[in-house]
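Structural description and commentary
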Amino acid sequence: MVSGEPGRAAMIHTQCAICESDAWDRELYPDRLGADPATYGRFSARRQPDRVHYRMVRCRKCGLVRSDPVLPDEELARLYQGSTFNYGEESVCARLTYAQYVRETLPLVKERARMLEIGCGNGFFLEEAIGLGFAEVYGVEPSRQAVEAASPKVRDRIKNELFQEGLYPSGWFTLICGFQVLDHLTRPNELLQVCRMLLEPDGLALFINHDVSAWTNRILGERSPIIDIEHTYLYDKKTMMRIFCKNGFEVLRIFPVRNEYPLAYWCKMAPLPTWLKTRLLSVLRRSPCGRWIMPMRAGNLGILAKAGG
Ligand SMILES: [Zn+2]
């Protein structure tokens, strides 16, 4: 356990970020926190899921799914600062998937001037964005270890802190991206307001995150890897659209995302019994089959939205 970590009594009650109320809550799953939920490992990117999660509720008015109660913001900040980052083949695959969607967005970007990625990890996607023709790329990332591992090409463009107001001038960016970050935030409205302020008029926001209503996640229910302590909110097409509109964005496109990962990664994320997963992974990691790249619509959702004037 992280030293000085608060007990459950110190957890914070949350409200639906769209309705700003808890009046329509319906419990989906009681918590599965166990005795030692808050470790740096649990707040690290692309870790093996372990079914540790907060109590989850769905707002019956708008459909938004969220965790309630959750660890306080200062504790979450500390966990993300100390989290680790996966540098393997999986991050290369993620970079290629994200680059593909940014490439599709380029015809709508007025000018490839300044691009920001929120939660940029070791900056692997920032390097890709330079290759896509952006004149200046910037990133914000709380994990110290991830930023230390960034390539010298982009390291001085990454701010090692939590994304917040005041980091950049207003109207500075033509494109802001966030890949698998929105689900992790306790204050998504604040993030979207700051994004809107930092974007030039008609600037674009591109976010990719889990789709709680995807068929894979509906079938798996509580066994889905997205039902996880890292996720405060879980969106679907409808709720994603609503929260962007609520914060002054015009939604241009909302779409299912096709991820390409090695077979071993899909196996790591699959809801299999631990003994079976361990054996399968040990075989796959020693065999060339484990590195086969498999495309799959694995329950992710993308949104492209334009900042209103
Ligand atoms: Zn609601």
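Look up a bit, the structure's there.
Before going into details, it helps to say that this report is about the structure given with it.

Conventions used here
- Residues numbered from 1 in each chain as written.
- Predicted model: local features only at pLDDT ≥ 70, side-chain atom pairs only at ≥ 80, totals over all residues.
- Heavy atoms only, no water.
- Helix = DSSP H or I, 4+ residues; strand = E, 2+ residues; numbered from the N terminus.
- Contact = heavy atoms within 4.5 Å.
- Areas by Shrake-Rupley, 256 points an atom, 1.4 Å probe, with all protein chains shown as cover.
- Disulfide = S-S within 2.5 Å.
- Donors = N, O, S within 2.8 Å, 3.2 Å for Na, K, Ca; no water.
- Tetrahedral: all angles 85-135°; square planar, octahedral: opposite > 155°, others 65-115°.
- Buried < 20%, exposed > 50% of the residue type's maximum accessible area, 1.4 Å probe, protein only.
- Polar contact = N/O pair within 3.5 Å; in protein donor to acceptor, adjacent residues only side chain to side chain.
- Pairing = 2+ DSSP bridges.
- Salt bridge = Lys/Arg side-chain N within 4 Å of Asp/Glu carboxyl O.
- Phe/Tyr/Trp six-rings, centres within 6.5 Å; stacked < 30°, edge-to-face > 60°.

1. Looking at the overall build of the protein
Broken down by element type, the protein carries nine helices and eleven strands. Of the contacts formed within the protein by residues at least 6 apart in sequence, a portion of 77% connects residues at least 24 apart. Summing over all exposed atoms, the protein offers an accessible surface of approximately 13,800 Å²; the carbon and sulfur share of this is 53%.

2. As for the state of the cysteines
Summed over the entire model, instances satisfying the criterion amount to zero disulfides. No disulfide involves cysteine 177; its nearest neighbouring cysteine sulfur is the one of cysteine 195, lying 10.0 Å away.

3. What about the coordination of the zinc ion?
Where a metal carries four tetrahedral donors, each ideal angle is 109.5 degrees; where it carries six octahedral donors, the ideal angles are 90 or 180 degrees. The protein atoms that coordinate the zinc ion are Cys16 (SG), Cys19 (SG), Cys59 (SG) and Cys62 (SG), at distances spanning 2.3 to 2.4 Å. For the zinc ion, the four donor atoms are set out with angles of 95 to 119° between them, so the coordination reads as tetrahedral. Ordering the donors of the zinc ion by residue number gives the pattern C-x2-C-x39-C-x2-C. Both residues of the pair, cysteine 59 and cysteine 62, count as buried.

4. As for the side chain of aspartate 25
Secondary-structure assignment places aspartate 25 in strand E1 (residues 25-29). A distance of 2.7 Å separates a polar atom in the side chain of aspartate 25 from a polar atom in the side chain of arginine 66. Look past the residues within four positions of aspartate 25 in its chain and what remains in contact with it is Val57, Arg58, Arg60, Arg66 and Asp68.

5. Some points on the sheet that holds strand E2 (residues 56-59)
Overall, antiparallel pairing links the four strands, which are arranged E1-E2-E3-E9 in an open sheet. Two strands close off the open sheet at either side, each with one partner strand: E1 and strand E9 (233-234). Pairing geometry for strand E3 (residues 65-67) and E9, over two bridges, is antiparallel. Residue pairing in the sheet places valine 65 in a bridge with leucine 234 of E9.

6. A short note on the pattern of salt bridges
Enumeration according to the criterion identifies eleven salt bridges in this entry. Put simply, lysine 110 and glutamate 200 hold a salt bridge, and the shortest N to O gap is 3.8 Å. Taken together, the residues lysine 110 in the loop between helix H2 (89-105) and strand E4 (114-118) and glutamate 200 in strand E8 (residues 199-210) connect sequence positions 90 residues apart. Between lysine 306 and glutamate 250 there is a salt bridge; the shortest N-O distance is 3.8 Å. In this pair, lysine 306 sits in strand E11 (residues 293-307) while glutamate 250 sits in strand E10 (residues 249-262), placing the two residues 56 residues apart along the sequence.

7. Quick notes on unusual backbone geometry
Residue proline 69 is reached from aspartate 68 by a cis peptide bond, and omega for that bond is -5°. Along the polypeptide, proline 69 turns up in the loop between E3 and helix H1 (73-81). Of note, glutamate 20 is a non-glycine position whose phi angle comes to about 55°, a positive value. Topologically, glutamate 20 is positioned in the segment before E1. Unlike most non-glycine residues, glutamine 180 shows phi in positive territory, near 55°. By the secondary structure assignment, glutamine 180 is in the loop between strand E7 (173-179) and helix H5 (188-198).

8. As for the packing of aromatic side chains
Summed over the entire model, instances satisfying the criterion amount to ten aromatic pairs. With centroids separated by 5.8 Å and ring planes inclined at 65°, the aromatic side chains of phenylalanine 207 and phenylalanine 244 adopt a geometry described as edge-to-face. Of this pair, phenylalanine 207 sits in strand E8 while phenylalanine 244 sits in helix H7 (residues 237-246), and the two are 37 residues apart along the sequence. In this structure, phenylalanine 207 and phenylalanine 244 share a single accessibility class: buried. Taking the centre distance of 6.2 Å and the plane angle of 35° together, the rings of tyrosine 233 and tyrosine 235 count as tilted.

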